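The residues making up each chain are set out below.
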Amino acid sequence: MLRYALRRILAALPIALIAITLCFIVMRLAPGGPFDGERPLPPAVEANVRAYYNLDKPLIEQYFLYVGGVLRGDLGPSMTSYDFSVSDLLGFGIPFTFMLGFSAFVIATLIGLVVGIVSAVNQNRWPDYLLVFVVMIGVIVPNFLVGHILQLIFGVYLQWLPAGGWGGNISQLVMPITVLAWPHAARISRLMRGSMIEVLGANYIRTAKAKGIGERLVLVRHAIKPALIPVVSYLGPGLSYLLTGSIVVENIFGLPGIGRYFVNAALNRDYGLVLGTTILYVVVILVLNLLVDILYAWLDPKVRYR
Amino acid sequence: MKFVPFAKFAAVAAALAISFSATAGAQTLRTFNGGEPASLDPHRVSGDWENRIVGDYLEGLMTEDANATPILGQAEAFTISDDGLTYTFVIRSDAMWSDGTPVTAQDFDYAFRRLFDPARAAEYAYLQYPIKNAEAINAGEMPMDQLGVRVIDDRTIEFTLEQPTPYFVDALAHYTAYPLPRHVVEQFGDAWVQPANIVGNGPYNIVEWIPNSYIHSVKSETYYDAANVQIAEVYYYALDDLAAALQRYRAGEFDIMTDFPTDQYQLLQTQYPGQAHVAPFLGIYYYVMNQNMPQLQDVNVRKALSMAVNRDVIGPQILGTGELPAYGWVPPGTANYPFPGYQPDWVALPYGERVAQATALMEAAGYTAQNPLRLQLRYNTNDNHQRIAVAIAAMWEPLHVQVELFNSETAVHYDALQNNDFAGVGRAGWLMDYNDAINTLELLRSDIQYNYGRFNNPEFDALLRQSATITDMAARAVILREAEVLAMENYAALPLYYYVSKNVVSPRVQGFVDNAKDIHRTRWLSLTN
Amino acid sequence: MVGFTGKDAVLTRYAERLHELDRSKGQSLTRDAFRRLRRNRAAMVSIFVIVFIILAALIGPLFVPWTVKEVDWSAFRSPPDWAKGHYLGTDQNGRDLLARLLQGTQMSLLVAAVATFVSVTIGVVYGAIAGYVGGRIDAIMMRFVDIMYALPYILFVIILVVIFGRRPVLLFVAIGALEWLTMARIVRGQTLSLKEKEFVEAARAGGATTRTIVFRHIIRNLTGPVVIYATLTIPEIIIVESFLSYLGLGVQEPLTSLGTLISRGAEVFEVMPWLLIPPAVVLVTLLLGLTFIGDGLRDALDPKDR
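What counts, and where the lines are drawn
Residues numbered from 1 in each chain as written. Chains lettered and ligands numbered in written order. Predicted model: local features only at pLDDT ≥ 70, side-chain atom pairs only at ≥ 80, totals over all residues. Helix = DSSP H or I, 4+ residues; strand = E, 2+ residues; numbered from the N terminus. Buried ≥ 20, exposed ≤ 12 C-beta atoms within 10 Å, placed from the backbone. Contact = placed C-beta atoms within 7 Å. Nonpolar A, V, L, I, M, F, W, Y, C, P; charged D, E, K, R; others polar. Core = buried A, V, L, I, M, F, W, Y, C linked by C-beta atoms within 7 Å. Domains from an automatic or database assignment. pLDDT = per-residue confidence, 0-100. Pairing = 2+ DSSP bridges. Expected span 1.5 Å × (residues − 1). Axes fitted to C-alpha atoms, helices over the stretch in contact; angles between N-to-C directions. Parallel < 35°, antiparallel > 145°, perpendicular 65-115°, else oblique. Left-handed = near helix turned anticlockwise from the far one by under 90°.

**With respect to the overall build of chain B**
Counting its regular elements, chain B contains 17 helices and 19 strands. When its C-alpha atoms are laid out on the principal axes, chain B stretches across 80 × 70 × 35 Å. Taking all 529 residues of chain B together, 50% fall into the buried category. Partitioning the intrachain contacts of chain B with sequence separation of at least 6 by distance along the chain shows that 66% fall at a separation of at least 24.

**Topic: the overall build of chain C**
Per the secondary structure count, chain C includes 12 helices and zero strands. Counted from the first residue to the last, chain C has its helices and strands arranged as α-α-α-α-α-α-α-α-α-α-α-α. A total of 306 residues make up chain C; the buried ones form 54% of that total. At a minimum sequence separation of 6, the contacts of chain C that also span at least 24 residues come to 72%.

**A word on the interface of chain C and chain B**
Size of an interface, as often reported, equals the accessible area lost when the parts are brought together. With 16 residues of chain C at the interface, the matching set in chain B holds 18 residues. The residue inventory of the side of chain C that touches chain B, partitioned by class, reads six nonpolar, five polar and five charged.

**Regarding the nonpolar core**
Counting residues in each nonpolar core, the largest one holds 320 residues, and the members touching the most others are Ala 308 and Leu 496 of chain B together with Val 157 of chain C. Among the elements that line this core, the one with the most residues is helix H4 (residues 97-133) of chain C, at 16 residues. Split by domain, this core shows at least three residues from each of two domains, domain 1 (6-245 + 506-527) and domain 2 (280-501) of chain B. Excluding residues within four positions of it along the chain, Ala 308 of chain B makes contact with Arg 354, Val 355, Ala 358, Met 395, Trp 396 and Leu 399 of chain B.

**With respect to the domain arrangement of chain B**
Residues and elements named next belong to chain B. Each assigned domain of chain B is listed with its residue range as follows: domain 1 (6-245 + 506-527) and domain 2 (280-501). With centres defined by C-alpha atoms, the gap from domain 1 to domain 2 works out at 33 Å. Residue composition of the side of domain 1 that touches domain 2, grouped by class: six nonpolar, three polar and three charged.

**Observations regarding the confidence of the model for chain C**
All names here are of chain C. On average, residues of chain C score 79 in pLDDT, and 81% of them reach the 70 mark or higher. For chain C, helix H1 (residues 7-19) is the element with the lowest average pLDDT, namely 64, and helix H3 (residues 41-59) is the one with the highest, namely 91. Here residues 1-5 is a poorly scored stretch, pLDDT under 50, and it has 17 contacts once near neighbours within four places are set aside; other chains count. Taken together, the chains of this predicted complex give a pTM of 0.85 and an interface ipTM of 0.83.

**Considerations on the pairing of strand S6 (residues 149-153) of chain B**
All names here are of chain B. The sheet contact formed by S6 and strand S7 (residues 156-160) spans four bridges and is antiparallel. By the bridge assignment for S7, Val 149 is matched with Phe 159. Linkage of S6 to S7, two consecutive antiparallel strands, is achieved through a turn of two residues.

**Some remarks on unusual backbone geometry**
The phi torsion at Gln 159 of chain A lies on the positive side, around 55 degrees, for a residue other than glycine. Topologically, Gln 159 of chain A is positioned in the loop between helix H6 (143-157) and helix H7 (171-201). Residue class for Gln 159 of chain A comes out partly exposed when judged on the 15 C-beta atoms lying within 10 Å of it. The phi dihedral of Arg 454 of chain B is positive, around 55 degrees, even though this residue is not glycine. Looking at the element boundaries, Arg 454 of chain B is found in the loop between helix H15 (438-441) and helix H16 (458-468).

**So, the pairing of strand S10 (residues 233-237) of chain B**
All names here are of chain B. Within S10, four of the five residues are buried, leaving the element largely enclosed by the surrounding structure. One ladder, built from five bridges, connects strand S1 (residues 28-32) with S10; its direction is parallel. Across the sheet, residue Thr 31 finds its bridge partner in S10, namely Tyr 236. Pairing analysis gives five bridges linking strand S9 (residues 214-219) to S10, with the strands arranged antiparallel. Bridge pairing in S10 links His 216 to Tyr 235.

**A closer look at helix H3 (residues 105-116) of chain B**
Residues and elements named next belong to chain B. A rise of 1.5 Å per residue sets the reference length of H3, with its 12 residues, at 16 Å; its end C-alpha atoms lie 17 Å apart and thus fit the reference within 8%. For H3, the set of buried residues is Ala 105, Asp 107, Phe 108, Tyr 110, Ala 111, Phe 112, Leu 115 and Phe 116. Where the residues of H3 are buried, they touch strand S5 (86-91), helix H4 (134-138), S6, S7 and helix H6 (182-188).

**A short note on the sheet that holds S7 of chain B**
Residues and elements named next belong to chain B. The strand order across the open sheet formed by four strands is S4-S5-S7-S6, and the pairing between neighbours is antiparallel. Each edge of the open sheet carries a strand with a single partner, namely strand S4 (75-80) and S6. The mean angle between the axes of side-by-side strands here comes to 20 degrees, regardless of whether they run parallel or antiparallel. Packing of H3 onto the sheet brings it into contact with S5, S6 and S7, and relative to S6 it is tilted by some 170 degrees.

**Notes on the environment of Glu 179 of chain C**
Residue and element names in this part refer to chain C. Relative to the elements of secondary structure, Glu 179 occurs in helix H7 (residues 168-179). Given 28 C-beta atoms within a 10 Å radius, Glu 179 is considered buried. Between the C-alpha atoms of Glu 179 and Thr 116, which are 63 residues apart in sequence, the distance is 7.9 Å.

**Some thoughts on the packing of helix H10 (residues 299-307) of chain B against helix H12 (residues 351-364) of chain B**
Residues and elements named next belong to chain B. Where H10 contacts H12, the two axes come as close as 9 Å, and the packing angle between them is 155 degrees. Of the possible angle classes, the one that applies to H10 and H12 is roughly antiparallel. Pair H10 / H12 crosses with left-handed handedness. On H12, the residues touching Asn 300, Val 301, Lys 303, Ala 304 and Met 307 of H10 are Arg 354, Gln 357, Ala 358, Leu 361, Met 362 and Ala 364.

**Notes on helix H11 (residues 258-267) of chain A**
Residue and element names in this part refer to chain A. A large share of H11 lies buried, amounting to 10 of its 10 residues. What H11 keeps buried is the set Ile 258, Gly 259, Arg 260, Tyr 261, Phe 262, Val 263, Asn 264, Ala 265, Ala 266 and Leu 267. At the exit of H11 stands Arg 269, carrying a positive phi of roughly 55 degrees.

**Brief notes about the environment of Glu 353 of chain B**
Residue and element names in this part refer to chain B. By the secondary structure assignment, Glu 353 is in helix H12. Residue classification places Glu 353 among the exposed residues on the basis of 12 C-beta atoms within 10 Å. Along the sequence, Glu 353 and Thr 440 sit 87 residues apart, while their C-alpha atoms lie 31 Å from each other.

**Section: the packing of H6 of chain A against helix H7 (residues 242-250) of chain B**
In contact at an axis separation of 9 Å, H6 of chain A and H7 of chain B are set at 10 degrees when each is read in the N-to-C sense. Relative to H7 of chain B, H6 of chain A is oriented roughly parallel. From H6 of chain A, His 148, Gln 151, Leu 152, Gly 155 and Val 156 of chain A reach across to H7 of chain B, where they touch Ala 243, Ala 244, Gln 247 and Arg 250 of chain B. Split by residue class, the contact of H6 of chain A with H7 of chain B holds four nonpolar, four polar and one charged.

**Brief notes about the confidence of the model for chain B**
Confidence in the prediction for chain B averages 89 pLDDT; 95% of positions are at 70 or higher. The model gives residues 1-24 of chain B a pLDDT under 50, and that stretch makes 19 contacts with residues more than four places away or in other chains.

**Looking at the environment of Leu 62 of chain C**
Residue and element names in this part refer to chain C. You can see Leu 62 is positioned in the loop between H3 and H4. The class of Leu 62 is exposed, set by 7 C-beta atoms lying within 10 Å. C-alpha separation for the pair Leu 62 and Ala 99, spaced 37 residues apart in sequence, amounts to 9.4 Å.

Shown next, in the form of structure tokens:
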């Protein structure tokens with residue numbers, strides 16, 4: 001188990017480096033520079049600015065300067081925010097985005113599992129149809145639309161919940177987490193429902209029931225753990241989707257997370273910030289995948305020896 | 001049991017909703033301020049959203065009143081020499097930094113030297129180019145000690161100008177002319193603007209900055225006019241989704257919005273009467289025509305394009321906020337410019353007739369349905385720009401003009417315009433930095449980078465040069481008008497409308513005065529319940 | 001992309017099942033499956049509805065009195081007006097919404113089809129090569145797939161959009177080029193097991209090259225996975241497209257897409273509900289229909305039931 005984990009960690013390192021390199025190259029190929037604003041800079045001035053950000057050096061030198069910095073934990077200056085470095089900005093945004101992402105993840109997973117189990121137990125009866133319907137809204141309606149509508153109903157008309165912002169008040173997170181968690185809960189519940197139905201139809205469950213073990217006990221003791229396997233394999237990608245998917249939610253509700261930095265930075269060619277954000281996401285996602293793999297190995301021992 | 005997570009979730013949500021009902025205090029102003037500031041350093045900012053924050057924590061020799069007209073700020077008096085070249089300012093004896101240090105002439109001197117330091121690359125330094133040798137110093141062609149700024153004593157500072165500049169006092173209210181707390185900047189370097197270090201001399205002090213969320217300022221007790229400053233604290237919120245921002249205003253989370261989605265104007269007018277403020281604003285929205293393209297070198301083609309644009313539908317119909325059609329280059333109401341907005345003679349014709357004449361011009365130039373003029377229309381990504389571009393493309397269709405719409409982000413868009421890298425027409429806009437006609441007319445000078453369309457008319461350039469040597473304001477205005485008419489008769493560019501400022505102001509807020517600069521310092525506002 | 005519909009989990013399981021089966025039965029399996037599908041009422045209704053939407057998008061514009069670009073100077077922001085032929089009203093530019101809706105549906109379907117086609121092609125070729133060549137190269141190629149899985153997909157999409165400007169088809173070729181991972185895994189698995197089959201050995205002895213055999217059989221056996229893959233990928237791309245539209249990165253005017261129409265409509269739906277409701281209904285119907293078809297197909301093709 002430990003060796004397995006170690007091997008996975010070693011394999012993750014080159015991936016991070018490849019991702020950095022890829023991103024670096026791609027951003028430099030994009031048209032437009034970070035200093036083209038509404039008004040042009042005088043050429044002498046622009047040369048000064050470029051020198052400050054090392055943009056006057058050959059690309060390869062810029063690359064090594066950058067990677068060197070990253071290894072020391074310095075993600076360089078942001079080109080659109082003068083007062084904060086990329087590390088500063090990410091330092092502000094990460095706790096929020098992660099809190100949002102993880103809360104949504106936990107809530108969505110729990111709801112998804114419960115809905116999946118209830119649906120499976122009541123297969124093709126009204127609770128099943130009702131739950132499937134509610135949950136499907138999260139997948140087939142774009143989340144920005146859900147966000148706008150919730151904001152209007154609960155923020156403006158009913159005024160039950162704050163319409164946005166983040167000032168440390170948890171009620172401000174109810175709508176953002178709902179919007180973010182909904183599609184995830186939907187997918188989890190669909191996976192869970194499918195695998196639960198299958199497990200419930202399996203011979204050993206029938207045997208257990210025939211032996212007279214109570215239905216609830218059968219469910220808890222025998223059906224849920226095996227049914228979880230396909231769900232677990234989705235948790236890693238699902239969590240990475242929640243962490244990167246908060247862009248829309250952050251935009252609508254005016255939340256101080258890194259998703260908004262990323263979009264704004266990409267649009268404004270803030271190389272430093274885009275690279276920094278991407279590297280951060282890659283590292284986090286690699287770590288999460290690692291954890292999920294290990295969890296998977298625990299649930300399904302076959303995996304370890306593959 | 002299965003529904004426990006649901007139940008818990010709902011209970012927590014309900015409990016929190018109740019606790020939220022007690023919010024911000026009575027003297028807290030919450031402003032929706034648009035974009036995230038790139039910086040709070042006055043030498044690094046460029047947008048109106050930054051100006052609103054910076055102008056609340058710093059103040060120049062001059063400042064703006066509720067009407068945005070320049071009034072004395074940190075200075076208590078000034079004198080102008082008879083030749084109009086030397087300005088001497090006396091700083092108030094009670095002018096003080098928020099850490100208790102007095103504001104001195106040296107602080108201003110230090111700030112101007114920093115502003116013109118070529119290594120600093122302050123984007124807006126050119127606004128203070130009326131100061132003697134400033135332009136050459138900023139370009140690195142002259143040593144800093146030649147700058148026309150001189151400290152007479154701790155409280156007196158003298159400016160020598162290149163030439164008489166009637167709008168210089170106005171320019172001194174701009175953030176490029178703010179003093180800097182020299183003792184703080186020297187101690188912390190560029191980090192002096194971080195909330196932990198920042199020191200100001202304005203009515204408010206920055207205490208907190210959550211990037212991409214808000215900046216929080218509280219009233220400064222060391223400000224000379226603190227007794228009359230009513231609002232105790234201000235939050236400036238940064239938010240990109242304008243529609244979502246309006247919902248938050250409607251939910252009572254903002255007191256002022258500095259912009260609103262034009263489509264919601266009607267809703268605001270009916271459901272929130274009197275809260276949406278739309279007022280004339282010194283600026284023009286225009287299209288440049290790339291005159292390096294042979295097709296657009298033909299003045300008749302440019303004329304036809306201009307004639308066929310039905311500007312009367314843009315403001316009221318397409319935007320819905322009633323922007324006034326523009327045919328001239330200087331917004332009406334510009335200071336020292338006593339003329340109505342320029343209008344060509346064809347404005348009086350019915351629109352159908354104009355299109356017919358324009359089509360005739362195009363056909364005379366050799367364009368037909370089989371051989372259309374192909375133009376690219378570039379604009380930066382934005383709902384309103386897009387709508388206007390779509391409408392204008394449709395207006396040009398009868399003229400045998402085939403338009404390819406091309407949008408890109410602001411950075412990419414202006415990169416293309418500056419490099420003259422657009423095959424046709426490009427959108428641009430200009431908000432006046434100071435209230436003088438030269439500020440927009442210069443956009444058409446052949447040797448200036450902002451002249452995206454590369455309009456090149458020696459006669460026009462000569463008129464602008466001539467205007468700079470004239471001290472009599474009335475005579476100068478005549479020359480400038482001559483230049484404007486010349487440029488417009490040559491269809492140097494295609495003005496579309498004069499900007500309006502768009503604010504939404506809650507009835508709680510008192511003292512908000514619509515003005516042509518759209519500057520509303522918090523100091524003049526107050527809140528009622 | 002792994003996050004949007006849980007397609008990966010669904011398909012991987014399906015492919016694993018397929019392995020356990022006798023390869024030569026592949027074809028009749030497909031035929032059986034379609035017979036079973038025909039008995040699934042939800043799926044059949046969905047197919048009917050989707051064919052209707054596709055036809056409407058393709059030939060509908062011929063019957064609409066207004067064109068996409070045409071401006072009605074007398075009707076800006078007009079609610080549905082039968083007298084003027086604006087059956088669904090007009091937008092803020094005086095353009096007929098029905099015409100734009102049909103064109104937008106066309107565009108959304110087109111980009112989804114393009115991206116799906118690209119990803120299927122890349123996936124099949126890549127997976128077949130990896131499986132066919134085997135050994136070290138296979139290991140490296142599949143390692144690369146793992147790397148791609150770990151990258152924050154949506155961030156790369158945004159970077160791609162920034163690079164490709166707003167050329168929709170090119171953009172979705174690029175998105176397709178990020179989507180092929182699942183397909184590649186499945187095809188590789190099938191190729192590997194095929195290579196070892198006796199009838200391949202026999203055919204080779206008879207003079208045919210392994211390549212021909214392998215590819216012919218792979219293609220034959222891929223019908224099921226490809227169809228499922230496509231029905232799950234198309235809604236995914238449509239959602240990605242709407243997400244990009246919300247960020248202002250959608251298709252270029254005067255063209256439009258469902259996502260663009262919805263994100264513009266969402267902002268004004270209190271004042272101009274006619275701009276939001278029709279595109280939202282079409283999108284939801286489309287996604288719902290595709291989901292039912294996907295479910296139906298999976299059930300119908302599920303080799304377990306044989």
